[in-house]
Amino acid sequence: MVDEERDGVRLSSLDQPLGDGLGVTKGQLVDHLDAVADRLVPLLAGRPLTVVRVRPGQAPFVQRNVPKGAPAWVRTVAVWSDAVHRETHQVLCDDRRTLLWLANQRAVEFHVPFTPAGGDRPTGLVLDLDPPEGADFSQVVAVAQLVRRALADAGLAGAVKTSGASGLHVVVPVHGSGPEDVAAATRALAARTAELDPAAATTAYLLADRDGRVFVDSTRSGRGTVVAAYSPRVRPGLPVSAPVPWDALPGARPGDVSVAAPGELADWAALLPAPQQLPADLVAQGHTIPVARVAAMHEGKRRARAARERGDGPAPATG
């Protein structure tokens, strides 16, 4: 087994498979993260980190709490978790050494909140564009262009990257608003996008209601997280969430760059516009729009009751 040391971090089993069915070695993951460290670390620094880790013979798993046995120099921050009803201690990846240590832990995906540790105002929002199963990627590109129009109509600008899965993320740097207002503005932007072409885009959270349209997901902004640019995803070959200039978007594909097939990656920091203040009318509109997950939950329960009364099958799934 091949071992080596970088930046004081001992890296082990670099020639071994990273995980089941991924088609890459642990060393390939380490090399990718090290190659993008100068651009990735600034996106992670100061933000409580959620990672998805893999191990051979096990299913991928989400990790928020710092692993036992972490070196003393790994910085963490205490964060209350509603999911487990206790405080967790999440890693702050502020330097290359910490990134390499995480790579050695087989951390593949790197998800960060828009609000820095100790802060109370998000620094951005995201519209996550999720295509229907089997759709051509051109459908997602077309809806990303609708998002760009909706942003321009509101006096805003954003940057786009592949999600590393099947869709796109349109990210908008913001300042001056709290998480509830940012989440509201995201809902309003999603609604305005769908209104530009209701045949192409939808905000319907229930899969059965999307009718082959691209889902404009507004639920990740405010207090949610987003996968960082340059992060791999846990899929065969480890496709990377890749920044894409708007003028290059028509030719982009979600798997263009991967850990298995490295390629040139655009500079995400150069593509992002400066932080912007959210228009008051956008925020106000968003506060009139129900939170998608909550609305879908109530609708799902209503449909389940109706289905039971009719003797039908289960209610439609959500995305």
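It should be noted that the structure appears before, not after, this text.
Treat the numbers as computed from the prediction; the structure is a model and nothing was measured.

Each value, and the rule that gives it
Residues numbered from 1 in each chain as written. Predicted model: local features only at pLDDT ≥ 70, side-chain atom pairs only at ≥ 80, totals over all residues. Heavy atoms only, no water. Pairing = 2+ DSSP bridges. Helix = DSSP H or I, 4+ residues; strand = E, 2+ residues; numbered from the N terminus. Contact = heavy atoms within 4.5 Å. Axes fitted to C-alpha atoms, helices over the stretch in contact; angles between N-to-C directions. Core = buried A, V, L, I, M, F, W, Y, C linked by side-chain atoms within 4.5 Å. Buried < 20%, exposed > 50% of the residue type's maximum accessible area, 1.4 Å probe, protein only. Domains from an automatic or database assignment. Salt bridge = Lys/Arg side-chain N within 4 Å of Asp/Glu carboxyl O.

Q: Explain the sheet that holds strand 12 (residues 214–217) residue by residue, including any values.
A: Reading across the sheet, the six strands line up as 11-12-8-10-9-14 and stay open at both edges, with mixed pairing between neighbours. Of all strands in the sheet, those bounded by a partner on one side alone are strand 11 (201–202) and strand 14 (243–244). Pairing analysis gives six bridges linking strand 8 (residues 124–130) to strand 10 (residues 168–173), with the strands arranged antiparallel. If you follow Gly 124 over to strand 10, its bridge partner there is Pro 173. Against the sheet, helix 4 (residues 137–153) contacts strand 8, strand 10, strand 11 and strand 12, and its axis sits at roughly 15 degrees relative to strand 10. Strands in contact with helix 5 (residues 179–196) are strand 8, strand 11 and strand 12; relative to strand 8, the strand with the most contacts, it is inclined by about 40 degrees.

Q: I'd love a proper account of the nonpolar core, names of residues and values included.
A: Within the largest apolar cluster, 46 residues are counted, with the highest numbers of intra-cluster contacts made by Leu 44, Leu 99 and Phe 110. For this core, the elements supplying multiple residues, two or more each, are strand 2 (9–11), helix 1 (26–35), helix 2 (37–44), strand 3 (50–53), helix 3 (96–104) and strand 7 (107–113). Here this core gathers at least three residues from each of two domains, domain 1 (8–113) and domain 2 (121–311). Residues within four places of Leu 99 in sequence aside, it is in contact with Leu 33, Ala 37, Leu 40, Val 41, Leu 44, Cys 93 and Phe 110. Core analysis: the second largest hydrophobic core is formed by 33 residues, Leu 127, Val 143, Ala 201 and Val 283 among them.

Q: Lay out the pattern of salt bridges with the relevant residues and their values.
A: Summed over the entire model, instances satisfying the criterion amount to 13 salt bridges. When the shortest N-O distance is used, the salt bridge between Asp 128 and Arg 220 registers 2.8 Å. Taken together, the residues Asp 128 in strand 8 and Arg 220 in the loop between strand 12 and strand 13 (225–227) connect sequence positions 92 residues apart. Residue classification places Asp 128 among the buried positions, given a relative accessible area of 9%. Take Arg 220: its relative accessible area is 31%, and that puts it in the partly exposed class. A salt bridge links Asp 130 to Arg 210, with the shortest nitrogen-to-oxygen separation between them at 3.9 Å. Placement of Asp 130 in strand 8 and of Arg 210 in the loop between strand 11 and strand 12 is noted, with a sequence separation of 80 residues between them. Looking at Asp 130, the relative accessible area reads 28%, which means it is partly exposed. Among the residues examined, Arg 210 registers a relative accessible area of 7% and is labelled buried.

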